[in-house]
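Below, each chain spelled out in residue letters.
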Amino acid sequence: MSSVRLDRVALERGSFRLEADCSFGPGVHVVTGRIGSGKSTLALAIAGELEPVSGAVRMERVSRPLLVLQSPDHHLTGATVGAEIASWGADPALLDRIGLASRSGRDPFRLSRGEQKRLVLGCALATDADLLVLDEPFASLDVPARVGLARALAGRGGVTIVMTHADRYLPAGAARWRIAGGRVVGA
Amino acid sequence: MIEIRDLAARNLRVPSITLPPGLTAVIGLNGAGKTTLLEVCCGLLLPDAGTVLVDGLAPRETDAGWVSASSDRSLLFSRVADELASSGRFARLPPQAVDRCVLHAARLTGAAGLLDRSTRTLSGGEQSVVALAAGLAGAPTVLALDEFDGHLDRETLAGLIPVVRNSGARYVLWSTHDPAIAAGADHAIVLEGGVVAAEGGAALSLFDAWEGGAA
């Protein structure tokens, strides 16, 4: 079973410091915290994109970690919505499921922010990553899309870690964590 | 009043609508035209056809504050203090007046501790707060908050709602997916596929329908 352990990890960015000593096993984990508390910093570290100043991030049985950033435009590389979906190796039928059937030929940068989020999240979920870290995935989604995303995350295998300040429409049965006073604690 | 007549802009088509002063919640599914409506009311986008008048003036003759749904795209300058000072500097206010506006907006929004930060190192939520502060520093007539709440935690949002309410902006247009924000607004409009589908109290029942429909 996949898991990721933060073993007495300390993270620093400028004068900001965050400490974490915790494990994330299979299932959905929701990490909350005030703005600027370090959710994005933690997301980077869990996904192996930020080296701790001390301690270690240990992934077990993780072959495909994937970090989905807050800004969907950081993920977009295709010239059209259809090409974007193809570039992720996703089934073209995804277009319909994310409500973009009429937008297949459109430049992804001409979608609304919410539509871009649907596109990137749909593609990310289609990869079946065994460690999926999502930074503020619910922001910009409309209500039906939030409910749909929560259901899709709850139904996923592997480890799913959601950084969010949303307090509605969260995945059922998720483990809760929060960042407070520069530390990650169980909520 | 903001009066919109015979409007065509991107996918948005509005034959006639009048928005009263106060806080107007703009509700709708992704791609419904919320951002486009906010943009034409602020003069960020010129309509393909039709007119928008803010108290009888074109939006580009009216001061507007803009907080983008993409929090990183609201910011032009590399230092937070310069971002907040930008509207005053562009208006060629004297430096002392600019400093006063910056400090006032920063204190109001809780951004005072961020003034010396580089905008690049801000979190998404902090960027949104700075964008609000920068918008308010220009004492706008129209303040557009495009899914501003989506980037904020509950406590920060609860602290900023009264700030927005008391900002002096005659018109606040706030697009949101949060039923609580919509319920607290003076006025609400619903966009569906680029047209105004409902106004007022009828808008709020939509959230229940959306939740039910998705479940």
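Residues numbered from 1 in each chain as written. Chains lettered and ligands numbered in written order. Predicted model: local features only at pLDDT ≥ 70, side-chain atom pairs only at ≥ 80, totals over all residues. Heavy atoms only, no water.

**Re the overall build of chain A**
Alright, step 1. Secondary structure assignment for chain A yields five helices and nine strands.
Alright, step 2. Written out in order from the N terminus, the α and β elements of chain A read β-β-β-α-β-β-α-α-α-β-α-β-β-β.
Alright, step 3. Here the C-alpha atoms of chain A give a radius of gyration of 16 Å, agreeing with the 16 Å that 2.2 N^0.38 yields for 187 residues.
Alright, step 4. With the C-alpha coordinates of chain A rotated into their principal frame, the extents come out at 50 × 35 × 30 Å.
Alright, step 5. Looking at the 187 residues of chain A, the share that counts as buried comes to 55%.
Alright, step 6. When the accessible surface of chain A is split by element, carbon and sulfur atoms take 48% of a total near 7,900 Å².
Alright, step 7. Of the charged side chains in chain A, 23 are positive and 19 negative; the average position of the first set lies 5 Å away from that of the second. (Helix = DSSP H or I, 4+ residues; strand = E, 2+ residues; numbered from the N terminus. Rg over C-alpha atoms; globule rule 2.2 N^0.38 Å. Buried < 20%, exposed > 50% of the residue type's maximum accessible area, 1.4 Å probe, protein only. Areas by Shrake-Rupley, 256 points an atom, 1.4 Å probe, with all protein chains shown as cover. Lys, Arg positive; Asp, Glu negative; His and termini not counted. Charge placed at Lys NZ, Arg CZ, Asp CG, Glu CD.)

**Some points on the domain arrangement of chain B**
Residues and elements named next belong to chain B.
Alright, step 1. When cut into domains, chain B gives domain 1 (1–63 + 142–215) and domain 2 (75–139).
Alright, step 2. Taken residue by residue, the interface counts eleven residues in domain 1 and nine residues in domain 2.
Alright, step 3. Counting across the interface, domain 1 meets domain 2 through zero salt bridges.
Alright, step 4. Where domain 1 packs against domain 2, one counts zero residue pairs in polar contact (both at pLDDT 80 or more).
Alright, step 5. Elements that contribute at least two residues to the side of domain 1 that touches domain 2 include exactly β6 (142–146) and α5 (154–165).
Alright, step 6. For the side of domain 1 that touches domain 2, the class distribution of residues is seven nonpolar, three polar and one charged. (Domains from an automatic or database assignment. Contact = heavy atoms within 4.5 Å. Salt bridge = Lys/Arg side-chain N within 4 Å of Asp/Glu carboxyl O. Polar contact = N/O pair within 3.5 Å; in protein donor to acceptor, adjacent residues only side chain to side chain. Nonpolar A, V, L, I, M, F, W, Y, C, P; charged D, E, K, R; others polar.)

**As for the pairing of strand β9 (residues 195–199) of chain B**
All names here are of chain B.
Alright, step 1. Inspection of the sheet shows strand β8 (residues 187–192) paired to β9 by four bridges, in the antiparallel sense. Looking at the pairing, V190 lines up with A198 of β9.
Alright, step 2. Hairpin connection of β8 to β9: two residues between the antiparallel strands, including G193 at a positive phi of 55°. (Pairing = 2+ DSSP bridges.)

**Focus: the domain arrangement of chain A**
Often, the extent of an interface is quoted as the loss of accessible area upon association of its parts.
Residue and element names in this part refer to chain A.
Alright, step 1. Each assigned domain of chain A is listed here: domain 1 (1–64 + 129–187) and domain 2 (73–127).
Alright, step 2. Relative placement of domain 1 and domain 2: their C-alpha centres are 24 Å apart.
Alright, step 3. Counting residues at the interface gives 16 residues for domain 1 and seven residues for domain 2.
Alright, step 4. A combined buried area of about 880 Å² lies between domain 1 and domain 2, and 62% of that area is made up of carbon and sulfur atoms.
Alright, step 5. Among the residues of domain 1 in contact with domain 2, A129, S140 and L141 are the three that bury the most area, contributing 37% of the side total. (Buried area = accessible area lost by both parts, 1.4 Å probe.)

**A word on the sheet that holds strand β5 (residues 64–67) of chain B**
All names here are of chain B.
Alright, step 1. Strand order in this open sheet of six strands is β5-β6-β7-β3-β8-β9, and the pairing throughout is mixed. On the outer flanks of this sheet lie β5 and β9, each paired with one strand and no other. The mean inter-strand angle of the sheet, taken between neighbouring strand axes irrespective of direction, is 20°.
Alright, step 2. By the bridge criterion, five bridges tie strand β3 (residues 22–28) to strand β7 (residues 171–175) in an arrangement that is parallel. When the sheet's bridge partners are listed, T24 is paired in β7 with L173.
Alright, step 3. Docked against the sheet, helix α1 (residues 34–42) engages β3, β5, β6, β7 and β8, running at close to 160° with respect to β6. (Axes fitted to C-alpha atoms, helices over the stretch in contact; angles between N-to-C directions.)

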